[in-house]
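Spelled out, the chains give:
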Amino acid sequence: MEYKIALIRGDGIGPEVVGEAVKVLNAVGEKFGHTFTYEEVLLGGCATDAVGKSYPDGTAEKCKACDAVLLGAVGGPKWGSDKPAEQRPETALLAIRKDLGLYANLRPAALRTAMAGACPLKKETAEKGIDLMMVRELTGGIYFGKRDKYQTEDRGMEATDLMAYSEKEIERIGRRAFELARLRRKKVSSVDKANVLETSRLWRSVMHRLAAEYPDVQYEDVLVDNCAMQLVRDPGQFDVVVTENMFGDILSDEASMVTGSIGLLPSASIGDSAPGLYEPIHGSAPDIAGQDKANPIATILSVAMMMRYSFHLPAEADAIERAVDAVLADGWRTADIAEPGVTPIGTRQMGDRICQKLLG
Ligand code: IPM
Ligand code: MG
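Residues numbered from 1 in each chain as written. Chains lettered and ligands numbered in written order. Predicted model: local features only at pLDDT ≥ 70, side-chain atom pairs only at ≥ 80, totals over all residues. Heavy atoms only, no water.

K.L.:
What am I meant to see in helix α11 (residues 314–329) here?
P.N.:
The periodicity of an α-helix, 3.6 residues per turn, causes residues three or four places apart in sequence to face the same way. Here α11 contains 16 residues, and its C-alpha end-to-end distance of 22 Å stays within 8% of the 22 Å for a straight helix at 1.5 Å per residue. Within α11 the residues assigned to the buried category are Glu316, Ala317, Ala319, Ile320, Ala323, Val324, Val327 and Leu328. Glycine 331, located one to two residues past α11, shows a positive phi value of around 95°. (Helix = DSSP H or I, 4+ residues; strand = E, 2+ residues; numbered from the N terminus. Expected span 1.5 Å × (residues − 1). Buried < 20%, exposed > 50% of the residue type's maximum accessible area, 1.4 Å probe, protein only.)

K.L.:
Just to check I follow, could you spell out the packing of aromatic side chains for this structure?
P.N.:
In this description, an aromatic ring pair is defined by two values, namely the gap between the centres and the angle between the planes. For the structure on display, the rule yields six aromatic pairs. On the basis of an interplanar angle of 20° and a centroid distance of 4.1 Å, the ring pair of tyrosine 3 and phenylalanine 311 is categorised as stacked. Pair noted here: tyrosine 3 is in strand β1 (residues 2–10) and phenylalanine 311 is in the loop between α10 (297–310) and α11, with a separation of 308 residues, a long-range link. Of the residues examined, phenylalanine 311 reaches a relative accessible area of 7% and is grouped as buried. A connected cluster of aromatic rings, assembled from ring pairs, spans Tyr3, Phe36 and Phe311. Its end group placed over the ring of tyrosine 103, arginine 172 keeps NZ or CZ at 4.1 Å from the ring centre. The ring of tryptophan 332 has arginine 353 sitting right over it, with the charged end atom 3.7 Å from the ring centre. (Phe/Tyr/Trp six-rings, centres within 6.5 Å; stacked < 30°, edge-to-face > 60°. Lys NZ or Arg CZ within 6 Å of the ring centre and 35° of its normal.)

K.L.:
Would you explain empty space enclosed by the protein in this entry?
P.N.:
It is the rolling of a water-molecule-sized probe over the atoms that shows where space remains empty. Here the structure, examined in full by the defined rule, presents one cavity of 30 Å³ or more. Size it by volume and the largest cavity reaches roughly 40 Å³. Along its surface, the largest cavity is lined by Met163, Tyr165, Val191, Asp192, Thr199, Ser200, Trp203 and Glu244. Secondary structure elements with two or more residues in the lining of the largest cavity: β8 (187–192) and α7 (198–213). Here the element with the most residues in the lining of the largest cavity is α7; it accounts for three residues. Across the lining of the largest cavity, the residue classes break down as four nonpolar, two polar and two charged. (1 Å grid on protein atoms, 1.4 Å probe; cavity = no way out; pocket = protein on both sides within 12 Å on 5 of 7 lines; lining within 4 Å. Points joined across faces, edges and corners; volume = space filled by probe spheres on them. Nonpolar A, V, L, I, M, F, W, Y, C, P; charged D, E, K, R; others polar.)

K.L.:
What's the story with unusual backbone geometry in this structure? I'm lost.
P.N.:
Generally, phi is negative for residues other than glycine and the peptide bonds are trans, each holding for most cases. Cis geometry marks the peptide bond from alanine 274 to proline 275, where omega comes out at 0°. Here proline 275 is to be found in the loop between β11 (266–270) and β12 (276–280). Phi at lysine 186 takes a positive value of approximately 60°, unusual for a residue other than glycine. The topology assignment puts lysine 186 in the loop between α6 (167–182) and β8.

K.L.:
Can you help me understand the pattern of salt bridges in this one?
P.N.:
Two side chains bearing opposite charge may form a pair once their charged atoms approach each other closely. Applying the stated criterion across every chain yields a total of 35 salt bridges. The closest approach of N and O atoms between aspartate 161 and arginine 147, which form a salt bridge, is 2.7 Å. Placement of aspartate 161 in strand β7 (residues 157–161) and of arginine 147 in strand β6 (residues 147–151) is noted, with a sequence separation of 14 residues between them. Accessibility expressed as a relative area gives 44% for aspartate 161, which makes it partly exposed. The class for arginine 147 is partly exposed, based on a relative accessible area of 43%. Arginine 175 is the partner of glutamate 171 in a salt bridge, and the nearest nitrogen-oxygen pair spans 2.9 Å. (Salt bridge = Lys/Arg side-chain N within 4 Å of Asp/Glu carboxyl O.)

So this is what it looks like as structure tokens:
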């Protein structure tokens, strides 16, 4: 089969990690007889530098002409929050998610066997294993609500960000979570702040309606503050965690750290139609950009998710994941995951070693 992939290399370490992921894609093509073709798409701070805005005209159309999108990372101090919105990389990221209708963000946080020592939690906790799937609502809530900033008479400047959710938005993400749970350990934890927020009370009522439709799936409500605590106390209790946009942003970073390094975790953003967008959950790490130090594994595992969720190629996805595990089991580490005394390898060598295992 032939698949066309939009490549958004982005800023900071983005181009380096995407470079390694492309090597892996080509290795998968060679091994399994697929042809992957690439379409370069400019987005982020690099787009601001090149054409004056982070989300150039026609970006969504270019991506829609592809079967999937692979994104490295966007952002950096050069395009900070003091810059106008159209120049900021984050604006572009939110816009592409919205324009492609990518309302479901899947962020798996699993402790890989070879990395058990990297779990910062107590040994007994790590030994229980961690394998959860964060399902984050991605195109609604406070990230997309009305914002305002205005002068008041007596309180100086004031700013507001509106958080709104419709039943329809909640139901479609909820369904994704229950369907995924059916393929896993059949448990859904829905995270909200229903003791305070009206949006959370609506969220909870929709989730309860869905829970009744999926009696084979165990269901629980978890308040977001308690969830933050449970993630470091006993993350092994979670299977599928479903939550709104901002809670999911925060909790997925926390969950990633519990598995050892944010450099290992991939993500998939999907909607009701193609293309899905695949990206590591880490950022652009401008401090180590261009030094061959970044960990490409999260991006490479994002390619595995692309195989699984966009192309329905589970054998190809498994092969990539197995190659990553084999390289880690051999003891190879990039600097972010190197145990004391271990000499780290660079970005390119990590990519090459994973390709060798794939083709070996
Ligand atoms: C993420 C990032 C983005 C988000 C930022 C860069 C806008 O933190 O993908 O988690 O908050 O969604
Ligand atoms: Mg984030």
